[in-house]
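Here's the letter readout for the chains.
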Amino acid sequence: MAKAKTAYVCTDCGAEHAKWQGSCAECGAWNTLSEIVLQPAAKSAGAARGGYAGKAAGAPKVTPLTEVAMTAEVRTLTGIGELDRVLGGGLVDGSVVLVGGDPGIGKSTLLLQMLGTLGAQLPSVYVTGEESLAQVAARAQRLGLPLAPLQALAETCIERILDQAASARPRVLVIDSIQTIWTELLTAAPGSVSQVRESAARLTRFAKETGTSVFLVGHVTKEGGIAGPRVLEHMVDAVLYFEGESGSRFRVLRAFKNRFGAVNELGVFAMGDKGLREVPNPSAIFLSAHAGPTPGSAVMVTREGTRPLLVEVQALVDQSSLGNPRRVALGLEQNRLAMLLAVLHRHGGVAAYDQDVFINVVGGIRVQETAADLPALLAVLSSLRDRPLPEKTVAFGEVGLSGEIRPVPNGEERLKEAAHHGFRRAIVPRANAPKSGRVGDLEVVGVERLGQAIDACR
Ligand code: TYD
Ligand code: MG
């Protein structure tokens, strides 16, 4: 009898290795390789992949794109505007969407609410591997959803789920969560990379073959990746990620990957006693309410997705007792902070090498664009000097390694938003400043070098 073929898969990044080794050759993680059994490829798939596939009937041929029959993607509005926005304008038939986030952030709530608002429009099945049917029903009732169109299945075996789905013929299938799902083909424990990967592959195939839209809920590891299997991100059409602070009621849903729309689009929700409520006009919710000017606080205008948002960055700079002072950035990129501090020293003449520097973006939102550089630096400077920035001031701009302040996209729109919220002064890259130096009541100070920005804060 032929020996079953096995391979070794890294449980962190999903890279496959032929032999066991101590560390993963892809991501360098130690002791993460686990053995999986490789399934023999199906006959037809094998033929199509072989060099002489042309002989097989119905094998794929090279085709000019002009001759490809295009089918317009069918989109359905879910009834939750912020979710539709993140999905790129509604739910696409046959798409597979991965929804990730920390436990308790509201993934199950959002998806259940979505099925509720889709209602009878698209028949759906909610597969729960974590909660009992009674719990799901109780939650749906508490959320005030119409129970009649909601169907649920408490099952974790992928074969049985697909059997049920084949007979129930839903148009939307929610799997909560993918980490609880397992296949009979593999002996590995549920939640292991091989189980998750195989189950997700089966669900993806099901989605493409039947045109069912599939939502996969994925838990997040402490490192912030969608648990172990980064592989999932390659297999699905869209990856949505829930962010937010546990103390805050605001939740941000962000598209990290979307084959049918823009990435980095944000949807903003507030968690209340009736579940998640949309916040259609979120521009000022990430400002904390200070009684007066506070040292170490700066307000920036970020433009994540297609809307400008006013966000507060806080910094705390404190004498370090460590030989290697701490640099901690929450909501901003850690390496960027180290770089900014070096620029502040070389080009601003302000040393922070003996100081611990902590930076936090209010509201648990993550800001990825470089426009956050200047406000982050100003917050650091303000904390270091224990002097608040001038009242009602906003800032944005990228800081370059030679101390120059570089322009960022959509400057005018950001300034308008700041003026709209009653800010009086904006410190921005010169190229983003209007010639008149004003936008409404907002005085715009254009700066070219870091030194000018520091001067503008006096
Ligand atoms: P849940 O959707 O279960 O989170 P996840 O599936 O991402 O783990 O969210 C549960 C949290 O939300 C829980 O801490 C309670 C809170 N919550 C409300 O505040 N209001 C509500 O109406 C619901 C349903 C949950
Ligand atoms: Mg849940």
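Residues numbered from 1 in each chain as written. Chains lettered and ligands numbered in written order. Predicted model: local features only at pLDDT ≥ 70, side-chain atom pairs only at ≥ 80, totals over all residues. Heavy atoms only, no water.

Novice: Could you clarify how one ought to interpret the overall build of the chain in this entry?
Specialist: Within the chain one finds 11 helices and 24 strands. Taken along the three principal axes of its C-alpha coordinates, the chain extends 80 × 55 × 50 Å. For the chain, the computed accessible surface area is about 22100 Å², with 53% contributed by carbon and sulfur atoms. If the 48 positive side-chain charges of the chain are averaged to one point and the 46 negative ones to another, these points end up 3 Å apart. (Helix = DSSP H or I, 4+ residues; strand = E, 2+ residues; numbered from the N terminus. Areas by Shrake-Rupley, 256 points an atom, 1.4 Å probe, with all protein chains shown as cover. Lys, Arg positive; Asp, Glu negative; His and termini not counted. Charge placed at Lys NZ, Arg CZ, Asp CG, Glu CD.)

Novice: Teacher, can you tell me more about the packing of aromatic side chains here?
Specialist: What describes a pair of aromatic rings is the distance from one ring centre to the other and the angle between the planes of the rings. All chains considered together, the criterion is met by 2 aromatic pairs. Ring plane angle 65° and centroid distance 5.6 Å describe the contact between Y241 and F256, whose orientation is recorded as edge-to-face. Of this pair, Y241 sits in strand β11 (residues 238–243) while F256 sits in strand β12 (residues 250–258), placing them 15 residues apart in sequence. The partly exposed category is assigned to F256, whose relative accessible area is 36%. With a centroid separation of 6.4 Å and 55° between ring planes, the pair formed by F242 and F269 is classed as tilted. Of this pair, F242 sits in strand β11 while F269 sits in strand β13 (residues 266–272), and the two are 27 residues apart along the sequence. With respect to burial, F242 and F269 carry one shared label: buried. Looking at R414, its charged tip hangs above the ring of F396, at a distance of 5.3 Å from the centre. (Phe/Tyr/Trp six-rings, centres within 6.5 Å; stacked < 30°, edge-to-face > 60°. Buried < 20%, exposed > 50% of the residue type's maximum accessible area, 1.4 Å probe, protein only. Lys NZ or Arg CZ within 6 Å of the ring centre and 35° of its normal.)

Novice: Which parts of the structure should I look at to understand the site of ligand 1?
Specialist: Taken together, 16 residues sit near ligand 1, with G104, K107, S108, T109 and G272 positioned nearest. Residue K107 places a main-chain N or O atom 2.8 Å away from an oxygen atom belonging to ligand 1. Residue S108 places a side-chain N or O atom 2.6 Å away from an oxygen atom belonging to ligand 1. Notes on ligand 1: free accessible area 560 Å², of which the protein chains cover 72%. Among the elements that take part in the shell around ligand 1, helix α3 (residues 107–118) stands out by supplying 3 residues, more than any other. Its residues assigned to classes, the shell around ligand 1 comprises 4 nonpolar, 6 polar and 6 charged. (Near = heavy atom within 4 Å. Polar contact = N/O pair within 3.5 Å; in protein donor to acceptor, adjacent residues only side chain to side chain. Nonpolar A, V, L, I, M, F, W, Y, C, P; charged D, E, K, R; others polar.)

Novice: Is there a simple way to think about the sheet that holds strand β16 (residues 307–319) in this case?
Specialist: What holds strands together in a sheet is hydrogen bonding between their backbones, with the strands either parallel or antiparallel. What the 8 strands build is an open sheet, ordered β17-β18-β16-β15-β19-β22-β24-β23; its pairing is mixed. Looking along the sheet, the strands with just one partner apiece sit at the ends: β17 (327–330) and β23 (438–439). Docked against the sheet, helix α8 (residues 334–348) engages β17 and β18 (355–361), running at close to 125° with respect to β17. Most of the contacts of helix α9 (residues 373–385) go to β16, to which it runs at about 35°, and overall it touches β15 (297–304), β16, β18, β19 (393–395) and β22 (425–429). (Pairing = 2+ DSSP bridges. Contact = heavy atoms within 4.5 Å. Axes fitted to C-alpha atoms, helices over the stretch in contact; angles between N-to-C directions.)

Novice: Just checking my understanding: could you explain the confidence of the model for the chain for this structure?
Specialist: If pLDDT is low for a region, its predicted coordinates should not be looked at in detail. Averaged over the chain, the pLDDT score is 87; the fraction of residues at 70 or greater is 92%. In the model, residues 44–54 has pLDDT below 50 throughout and makes 4 contacts with residues more than four positions away in sequence or in other chains. (pLDDT = per-residue confidence, 0-100.)

Novice: Which parts of the structure should I look at to understand the side chain of E82?
Specialist: Looking at the secondary structure, you find E82 in helix α2 (residues 81–87). Excluding its chain neighbours within four sequence positions, the residues that come into contact with E82 are L266, G267, V268, F269, E278, V279, P280 and R307.

Novice: Is there a simple way to explain the side chain of Q355 in this structure?
Specialist: For Q355, the location among the structural elements is in strand β18. What makes Q355 buried here is its relative accessible area of 12%. Separated by 3.1 Å, the side chain of Q355 and the backbone nitrogen of Q319 make a polar contact. Reaching out from Q355, the side chain makes a polar contact with the side chain of D354 at a distance of 3.4 Å.

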